[in-house]
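Structural characterization, general
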Amino acid sequence: MNPESVAPPHDASKAVWIKDVDKELDLLAFTGMLSILVNGGIGFGQTFDLLNSYHRGWLQPVLRDLETTVINDREPLSKAMAKHPDVFSEPYVATVELG
């Protein structure tokens with residue numbers, strides 16, 4: 001296999017590819033942190049405070065909405081995530097719903 005066959009495209013779509021990777025890495029970091037905090041017995045209020053202090057940019061408005069939906073509206077986290085299908089896929093939401 002040569003390097004050209006695995007390298008990302010070298011055209012205008014490269015910026016989109018990099019942006020998608022950055023979003024995936026942000027979501028991966030969010031998922032790991034959320035799992036550690038919740039499994040460690042940290043309540044949702046403190047969990048969202050910590051996540052909001054760590055995540056900036058595109059994910060922060062989503063986190064604020066999750067916090068409002070879970071804490072103020074007392075909805076399950078999976079239902080709050082389902083309101084953001086552009087961020088959380090159906091399998092992701094289903095996994096969270098299963099616990």
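Here the residue numbering is sequential within each chain, running from 1 through the sequence in written order. Totals for whole chains, interfaces and linings use every residue, but because this is a predicted model, local features are given only for residues with pLDDT of at least 70 and side-chain atom pairs only at 80 or more, for both listing and counting. Hydrogens are left out, water is left out, and the side-chain values use all remaining heavy atoms of the structure.

1. Some thoughts on the confidence of the model for the protein
Confidence of the predictor at the level of single residues is captured by pLDDT, which takes values from 0 to 100. Within the protein, residue pLDDT values average 85, and 81% of them lie at 70 or more. Secondary structure counts use DSSP, requiring at least four H or I residues in a row for a helix and at least two E residues in a row for a strand, with both numbered from the N terminus. Within the protein, helix 1 (residues 3-6) has the poorest average pLDDT of any element, 51, and helix 5 (residues 77-82) the best, 97.

2. A word on the nonpolar core
As a rule of thumb, nonpolar side chains are buried together in soluble globular proteins. If you look at the biggest cluster of nonpolar residues, it comprises 18 residues, and the most contacted ones within it are F30, L51, L66, M81 and F88. Not counting residues within four places of it along the chain, the set of residues in contact with F30 comprises L51, H55, L59, L63, L66, M81, F88 and Y92. Joining through side-chain atoms within 4.5 Å is the link that ties buried Ala, Val, Leu, Ile, Met, Phe, Trp, Tyr and Cys residues into a set, and such a set is a nonpolar core. Relative accessibility decides the category of a residue: with a 1.4 Å probe and only protein chains considered, values under 20% of the type maximum give buried, values over 50% give exposed, and everything between is partly exposed. Note on contacts: a residue pair qualifies if any of its non-hydrogen atoms lie within 4.5 Å across the two residues.

3. Here we look at helix 3 (residues 44-54)
Restricting attention to buried positions, one finds in helix 3 the residues T47, F48, L51 and N52. Looking down the long axis of helix 3, one finds its buried residues gathered within 125° of arc, a one-sided arrangement. Directions from the helix axis toward the C-beta atoms define the arc.

4. Here we look at the environment of P76
Among the structural elements, P76 can be located in the loop between helix 4 (60-72) and helix 5. Judged by relative accessible area, which is 46%, P76 ranks as partly exposed. In this structure, the C-alpha to C-alpha distance between P76 and L66, residues 10 residues apart in sequence, is 9.5 Å.

5. Some details on the side chain of H84
Inspection of the secondary structure puts H84 in the loop between helix 5 and helix 6 (90-98). Judged by its relative accessible area of 14%, H84 falls in the buried class. Polar contact criterion, stated in full: a pair of N or O atoms within 3.5 Å, where within protein one must be able to donate a hydrogen and the other to accept it, and residues adjacent in sequence count only if both atoms are side-chain atoms. Among the polar contacts listed, one links the side chain of H84 to the side chain of D65, at a separation of 2.6 Å. Excluding residues within four positions of it along the chain, H84 makes contact with V62, D65 and L66.

6. Notes on unusual backbone geometry
Its identity is not glycine, yet R74 carries a phi of approximately 55°, on the positive side. Counting through the fold element by element, R74 comes out in the loop between helix 4 and helix 5. Take R74: its relative accessible area is 74%, and that puts it in the exposed class.

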